[in-house]
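One-letter residues, chain by chain:
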Amino acid sequence: MSVLMSLRNIEKRYRAGEHDFYALKGVDLDIDEGEMVVILGPSGAGKSTLLNLIGGMDSPTGGELLFEGEDIALYNDDELTRFRALSVGVVFQFYNLIPTLTAYENVALMRDVKDDCEDPMRCLEMVGLSDHAHQFPAQMSGGEQQRVSIARAIAKKPKLLLCDEPTGALDTDTGREVLRLLLRVCREEGRTVVMVTHNASFARIADTVIRVKNGKVVSQVKNENPESADVINY
Amino acid sequence: MTRKLLRDLLENKIQFLSIFLMSFLGIYVFVGINSEVTGLKACEERYYEECNLGDIWVRGRDFSLADMADIKTVNGVKNAARRLETKGKALLKSDELGDDPDLTLYFLEDNDISGIKIYEGKNYTPGCMGIWLDKTFAKKRGLGVGDTITVKLENKEFTEKIEGLFYHPEFVYYVENMASMMPSYGRYGVAVLDISEYPLDDPEFNSALIDAEDIDNLGDMTDEEKILARRIGERIKIVLDDKQLVVMDKSELLSYSTFSSELQQHRSMSFAFPIVFVLISLLGIITTMSRLLSRQRVQIGTLKALGFSTRRIMVHYMSYGFVLSFFGSIFGALVGYRTLPAYIIGMFTDTYILPYMRRGFSSLSFIMIVLEVAITTLITWYACRRECALIPAEALHPASPKVTGRSFLEKSPLWDKLGFSVRWNLRDIMRNKLRSLMGAAGAAGCAMLMFSALGCMDSLTFITGWMYGEINTAKTKILMEEDTPYGVTVDYAKKYGGQMIQNTSIVLRSDTAVKTGTLTVLDAGNLMHFQDEKRGHIVLSKKESALSYRMAQMLGVKEGDFITWNIQGEDEKHRVRVGQIYRNPSAQGITMYREAFEAMDCKFRPTEILTNMSVDTGLKDEEEITDVQSMDEMMASMDEMMDMMYSMAAILITAAVVLAVVVLYNLGVLSLLEKRREMATLKVLGLSTKTIRGILQQQNIWVTLVGTLFGYIAGFGILGVMFSDMPEGMDYCIVVYPLSYMLTFIGTLLLSVIVNHVLSADVKNIEMATALKGQE
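Residues numbered from 1 in each chain as written. Chains lettered and ligands numbered in written order. Predicted model: local features only at pLDDT ≥ 70, side-chain atom pairs only at ≥ 80, totals over all residues. Heavy atoms only, no water.

Colleague: What is the right way to read the overall build of chain A from this model?
Modeller: The helix and strand inventory of chain A stands at 6 helices and 10 strands. For chain A, the spread of C-alpha atoms along the principal axes amounts to about 50 × 40 × 40 Å. Each of the 234 residues in chain A was classed as buried or not, and the buried ones make up 57%. Sequence-distant contacts, at least 24 apart, represent 69% of the contacts inside chain A between residues at least 6 apart. Accessible surface, chain A: about 9,800 Å² in total, of which carbon and sulfur atoms supply 44%. One finds the centroid of the 26 positive side-chain charges in chain A at a distance of 3 Å from the centroid of its 36 negative side-chain charges. (Helix = DSSP H or I, 4+ residues; strand = E, 2+ residues; numbered from the N terminus. Buried < 20%, exposed > 50% of the residue type's maximum accessible area, 1.4 Å probe, protein only. Contact = heavy atoms within 4.5 Å. Areas by Shrake-Rupley, 256 points an atom, 1.4 Å probe, with all protein chains shown as cover. Lys, Arg positive; Asp, Glu negative; His and termini not counted. Charge placed at Lys NZ, Arg CZ, Asp CG, Glu CD.)

Colleague: Even after reading the chapter, I still don't get the overall build of chain B, so can you show me in this structure?
Modeller: Helix and strand counts for chain B stand at 21 helices and 21 strands. Judged by the C-alpha coordinates and their principal axes, chain B covers about 105 × 55 × 50 Å. For chain B, the proportion of its 776 residues judged to be buried stands at 56%. Across chain B, the fraction of contacts at a sequence separation of at least 24, relative to all contacts at a separation of at least 6, is 81%. With an accessible surface of roughly 33,700 Å², chain B has 57% of that area assigned to carbon and sulfur atoms. Between the mean site of the 81 positive side-chain charges and the mean site of the 94 negative ones, chain B shows a separation of 16 Å.

Colleague: What am I meant to see in the sheet that holds strand 3 (residues 36-40) of chain A here?
Modeller: Strands in a sheet are paired, the pairing made by backbone hydrogen bonds, and the direction either parallel or antiparallel. Residue and element names in this part refer to chain A. Ordered in space as 6-7-8-3-9-10, the 6 strands form an open sheet in which the pairing is mixed. At either end of the open sheet lies a strand with only one pairing partner, and these are strand 6 (88-91) and strand 10 (216-222). Between one strand axis and the next, the sheet turns by 15° as a mean value, whatever way the strands run. Alignment of strand 7 (residues 160-164) against strand 8 (residues 192-197), held across 5 bridges, turns out to be parallel. Within the sheet, the bridge partner assigned to cysteine 163 lies in strand 8 and is methionine 195. Helix-sheet contacts for helix 2 (residues 77-87) involve strand 6 and strand 7, and the interaxial angle to strand 6 is about 75°. Packing against the sheet, helix 5 (residues 142-155) makes contact with strand 6 and strand 7, and its axis sits at approximately 175° to strand 6. (Pairing = 2+ DSSP bridges. Axes fitted to C-alpha atoms, helices over the stretch in contact; angles between N-to-C directions.)

Colleague: Whenever I open this one, the interface of chain A and chain B confuses me. Can you help?
Modeller: Note on interface size: it is often stated as the accessible area lost on association of the parts. Of the residues lining the interface, 23 residues belong to chain A; the matching set on chain B comes to 22 residues. Surface buried jointly by chain A and chain B totals about 2,000 Å² across both partners, of which 60% is contributed by carbon and sulfur atoms. Contact with chain B buries area across many residues of chain A, yet A:Met57, A:Arg84 and A:Thr100 alone supply 24% of it, more than any other trio. Along the contact surface separating chain A from chain B lie 1 salt bridge. B:Arg312 serves as the salt-bridge partner of A:Asp112, at 3.9 Å between the closest nitrogen and oxygen. In terms of residue count, helix 2 of chain A provides more of the side of chain A that touches chain B than any other element does, 4 residues in total. Grouping the amino acids of the side of chain A that touches chain B by side-chain chemistry returns 11 nonpolar, 5 polar and 7 charged. (Buried area = accessible area lost by both parts, 1.4 Å probe. Salt bridge = Lys/Arg side-chain N within 4 Å of Asp/Glu carboxyl O. Nonpolar A, V, L, I, M, F, W, Y, C, P; charged D, E, K, R; others polar.)

Colleague: Sorry, what's going on with the packing of aromatic side chains here?
Modeller: Between two aromatic rings, the relevant description is the distance of the centres plus the angle of the planes. Applying the stated criterion across every chain yields a total of 32 aromatic pairs over all chains. Plain terms: the ring middles of B:Phe20 and B:Phe24 are 6.4 Å apart, the flat faces sit at 15° to each other, and that makes the pair stacked. With a gap of 4 residues between them, B:Phe20 and B:Phe24 both fall in helix 2 (residues 13-51), about one helical turn apart. Here the aromatic cluster, defined as three or more aromatic residues joined through ring pairs, consists of B:Tyr106, B:Phe171, B:Tyr174, B:Tyr185 and B:Tyr188. For A:Lys25, the ring lying beneath its charged end belongs to A:Tyr22, and the centroid distance is 4.4 Å. The ring of B:Phe205 carries the charged tip of B:Arg82 above its face, separated from the ring centre by 3.7 Å. (Phe/Tyr/Trp six-rings, centres within 6.5 Å; stacked < 30°, edge-to-face > 60°. Lys NZ or Arg CZ within 6 Å of the ring centre and 35° of its normal.)

Colleague: Got a minute to help me understand the sheet that holds strand 2 (residues 19-32) of chain A in this structure?
Modeller: All names here are of chain A. What the 4 strands build is an open sheet, ordered 2-1-4-5; its pairing is antiparallel. Here the strands that pair on one side only, and so sit at the sheet edges, are strand 2 and strand 5 (70-71). For strand 1 (residues 3-16) and strand 4 (residues 62-67), the ladder comprises 5 bridges, and the chain directions are antiparallel. Along strand 4, the bridge assignment pairs leucine 7 with leucine 65.

Colleague: Can you walk me through the packing of helix 13 (residues 420-431) of chain B against helix 19 (residues 689-723) of chain B in this structure?
Modeller: Packed helices, taken two at a time, are described by their axes: the angle between them and the distance between them. Residue and element names in this part refer to chain B. Between helix 13 and helix 19, whose axes approach to 10 Å, the crossing angle comes to 55°. In terms of their interaxial angle, helix 13 and helix 19 are classed as oblique. Relative to helix 19, the crossing made by helix 13 is right-handed. Listed contacts from helix 19 to Phe420, Ser421, Val422, Trp424, Asn425, Leu426, Asp428 and Ile429 of helix 13 are Ile695, Gln698, Gln699, Trp702 and Val703. Residues that form the contact of helix 13 with helix 19 fall into these classes: 8 nonpolar, 4 polar and 1 charged. (Parallel < 35°, antiparallel > 145°, perpendicular 65-115°, else oblique. Left-handed = near helix turned anticlockwise from the far one by under 90°.)

Colleague: Explain the pattern of salt bridges here, please?
Modeller: Pairing of side chains with opposite charge becomes possible as their charged atoms draw close. All names here are of chain B. Scanning all chains against the criterion turns up 40 salt bridges over all chains. A salt bridge links glutamate 50 to lysine 117; its shortest N-O distance comes to 2.9 Å. Of this pair, glutamate 50 sits in helix 2 while lysine 117 is found in strand 4 (residues 117-121), placing the two residues 67 residues apart along the sequence. By relative accessible area, glutamate 50 is classed as partly exposed at 42%. Its relative accessible area of 23% is what places lysine 117 among the partly exposed residues. Close ionic contact of aspartate 55 with lysine 250 constitutes a salt bridge, the shortest N to O distance being 3.2 Å. Residue aspartate 55 is found in the loop between helix 2 and strand 1 (56-59), and its partner lysine 250 is found in the loop between strand 10 (246-249) and helix 6 (254-295); the two are separated by 195 residues along the sequence.

Colleague: Help me out: how do you make sense of the nonpolar core in this one?
Modeller: Soluble globular proteins: nonpolar side chains tend toward being buried together. If you look at the biggest cluster of nonpolar residues, it comprises 101 residues, and the most contacted ones within it are A:Leu124, A:Leu161, A:Leu182, A:Met195, B:Met289, B:Phe308 and B:Tyr317. Among the elements that line this core, the one with the most residues is helix 6 of chain B, at 11 residues. Contacts of A:Leu124, omitting those with residues within four sequence positions, involve A:Ala103, A:Tyr104, A:Val107, A:Leu129, A:Ser130, A:Ala133, A:Val148 and A:Ala151. Among the nonpolar cores identified, the runner-up in size contains 67 residues, and B:Tyr48, B:Leu108, B:Tyr185 and B:Leu245 belong to it. (Core = buried A, V, L, I, M, F, W, Y, C linked by side-chain atoms within 4.5 Å.)

Colleague: Can you help me understand the environment of B:Asn503 in this one?
Modeller: Residue and element names in this part refer to chain B. Mapped onto the fold, asparagine 503 is located in strand 12 (residues 499-509). Each C-alpha atom of the pair asparagine 503 and glycine 164 lies 35 Å from the other, and the pair is 339 residues apart in sequence. A polar atom in the side chain of asparagine 503 sits 3.0 Å from the side chain of threonine 520. (Polar contact = N/O pair within 3.5 Å; in protein donor to acceptor, adjacent residues only side chain to side chain.)

Colleague: Can you help me understand helix 5 of chain A in this one?
Modeller: For the α-helix, the turn length of 3.6 residues means that residues three or four positions removed from each other point alike. With 14 residues, helix 5 of chain A should reach 20 Å at 1.5 Å per residue; the first-to-last C-alpha distance of 20 Å fits that figure. Burial within helix 5 of chain A is extensive, with 13 of its 14 residues counted as buried. (Expected span 1.5 Å × (residues − 1).)

Colleague: Looking at this structure, how should I read unusual backbone geometry?
Modeller: What is expected of a backbone is that most residues other than glycine have negative phi and most peptide bonds are trans. Residues and elements named next belong to chain B. A positive phi is found at aspartate 241, a non-glycine position, where the angle reads about 50°. Looking at where aspartate 241 falls in the secondary structure, it is placed in the loop between helix 5 (223-239) and strand 10. Positive phi is not limited to glycine here, since aspartate 601 has a value of about 65°. Topologically, aspartate 601 is positioned in the loop between helix 17 (594-599) and strand 20 (608-611).

Colleague: Would you mind showing me how to read the pairing of strand 9 (residues 208-213) of chain A here?
Modeller: All names here are of chain A. Of the pairings in the sheet, the one linking strand 3 to strand 9 comprises 4 bridges and is parallel in character. If you follow leucine 40 over to strand 9, its bridge partner there is arginine 211. Two elements, strand 9 and strand 10, share 6 bridges in a ladder whose sense is antiparallel. Across the sheet, residue lysine 213 finds its bridge partner in strand 10, namely lysine 216. Following strand 9, the chain reverses through 2 residues before pairing antiparallel with strand 10; asparagine 214 in that reversal takes a positive phi of roughly 50°.

Colleague: What's the story with a nonpolar patch on the surface in this structure? I'm lost.
Modeller: Residues and elements named next belong to chain B. On the surface, Phe271, Ile275, Leu279, Phe361, Leu364, Phe366, Ile367, Val370, Leu371 and Ile375 cluster together to form a nonpolar patch covering roughly 880 Å² of accessible area. Broken down by secondary-structure element, the contributors of at least two residues to the nonpolar patch are helix 6 and helix 9 (363-389). In terms of residue count, helix 9 provides more of the nonpolar patch than any other element does, 6 residues in total. You can see valine 370 is positioned in helix 9. (Patch = residues over 30% accessible without salt bridge, like charges linked within 9 Å, V, L, I, M, F, W, Y side chains within 5 Å.)

Colleague: Teacher, can you tell me more about the confidence of the model for chain B here?
Modeller: It should be kept in mind that the predicted coordinates are not to be read in detail where pLDDT is low. Scored by pLDDT, chain B comes out at a mean of 84, with 94% of its residues at no less than 70. Among the scores for the predicted complex, ipTM is 0.75 and pTM is 0.71. (pLDDT = per-residue confidence, 0-100.)

Here it is in structure tokens:
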């Protein structure tokens, strides 16, 4: 499997008053193409910061962020926007759908940022929501909203699908359903999925498990026998 | 994204509707009035061009054919024509319009300069028979083409067949006599005949009309054109070797100047209000957009994370301001163009006589629309630039609350003595300065509009009372015929215990300006009173000349300066020192006592008598009496003149009230929306809904009071603009009665309290858990 993204000596520093605070420091890791990567760690470990950097939503204060061999850490705003538009799909913990658009319109919105998008209806069919295409987010359950969010993310056919605590706001059954969907996207569609969570049991479904603590990567382990979403405990 | 825009607009319809409405109203008023002014100006120019309105009038001798030939040789003269101007009476009866109305008679040789425009009937051709009547007079008197009319000229009566009805470019506006403030067409008229029809012996061509080469009929007469006219006049005097000739250019023509200044006044008004509306709509857009954006912060983060560029998102949010102001302006322009000019022109037709009165769209309206849209869009950009510039990782999280230290007030010992609600509100105001400022600005806007509208009404009402309660305290005015022997006038004055007054048109000159005005000469009596610049009572010196305040401003002179004047139609110039400055709302010029006048070797020729006695109505029928006017009639005539201003004020007041409600409601909704979380907190802390609503109302009242105070100041500014272009003959005072201060105060406060009360009813619906959820 080829490497899609490599992080080399990445640091993210914030200034808090007179002191510097490191959200991430000396992070090295590789993400292979087509993998299900799970980033684990307790609250405040730096998981979301890491995800933001990988997705081009923020820039590191040091280190190299190589995507298909190019250092996106050197990108300016416009280049980062283009990177996000063409290569990254994001699934948020609280779905972040545009409340004034219907499910279909939320997915179709992606046509505005990328030309060769998947048909929005097909994406909704994939997540099993073609019946809800014309409902507004407020008319849907949390699980349904998250599935729309996934449909929106995959509509762009991104190389990298980033998920920030995608089941964090969902109950056990709905959470499992969402995970199944993400696994399907990864295994059947061949997309690289990077998922951030604090739930250690997610490690069982991953191809690679990265553990983060106090802004550092403490381990990066390959899982030879990834399991199905049914094994996840909440 | 377009759908998001449309749905966002729908979701925030009240706020956005208010922005739409403000753009609409501003452009509505501007385009409406501007189209009226543009259209009428174009009609006026076309009319003057068609009739070739004269540029210069020379009077003061019998112009022979040789004279005319000489005049035509003068440098700058394109063409010249002579006519015989005189006054007669039409022998007609009418209960309503009075018997035997005055008729201004023009006996012509041709129709080349200041020609008549035929409304109905035959064209005038040199040498033809019959009489042509001014259309308005004829219609009011029920006369038509083919009828006959008997005219009395001096002692000769002659009957003519009416060949046609006309419009005359020198009579767009004309009044009965100098004392009239308002036309009452039908009581007097204009007639045109060929010189061959002159019924008396030895016709005397007493007027020469000049069409100047470099003076056109486009726009108002410029200063260069006035100088040119004066030079041509001087050259004519030299060519004819006659220094006594009186030269007048068209800017001195009552009809021309009154109509021009009326249009100018409308133009000024048309600017003042859109600016206010645009400013208030900007206030609306800046608050609405900045609050919408802070609410949509996470959405912006999401869009960015999904790959939308900052520019794209910025354009999206700027399009809110663009779409609303664009449609508001276009709609305002369309409705304004279609409705307002017709309404104003409708009011004009009673006062001004033009063959056509149409609206017209000017490029200025277009520029105003572009400006309105551009400024609103720019302000939207300003309001959203901060949120849009955030990097997605930041924008995806709600803004962290501002950390502010304890203010000076909070540290003072007084702080602990204040009640909870006072402390809460003071803190809230200090921590949310922009929001409080916007709230105060909204109240200020509302108060300003109410105050200026009420102040406008007060100032207009005041003028009538000022003129006929403070300055002229006579009960009746008796107007004498022009050639009444002095002894006869004295007899009438004695009979009615009256004060004789001479009112004469004069030309006044200072080093910098030339203006026409009125000379008022007072005989002994106490029916005219005088006031200084600040309207304090003054006694006029018997020895010196006094100049009216407005005329002093127009001439650029002050007390102690010298000015020159001469009676229109006479060449003798008098240089006088301005001894005093007095104010008079309706006549601008010089006032002096008979003693001072006669000391200049001038002959006192009274034109009217003021008296405190009641006068028989039959007196009007006396040969030497032109008219008898009671004070009530004069006040009614004055009020009638103010009608136009009232109507304009009414349009603006209506717009102001709509605006006030919209602005206060909009700001109230937004402010409460922003405070939802704080109110939820207060609820959690155990405060009752009633207490919380009380706290909100308290802050609202403070903010409104501060705003109202600024509203008064701004209101005075608006009044200044509204009154800055009164016709030259008028003086005005900005007067605002205490009642208007009170009404503004009560109106603004009441409106604000009601809006707050209605909106704060929502406090009881706030669910503490929902309101506090999801906030970090």
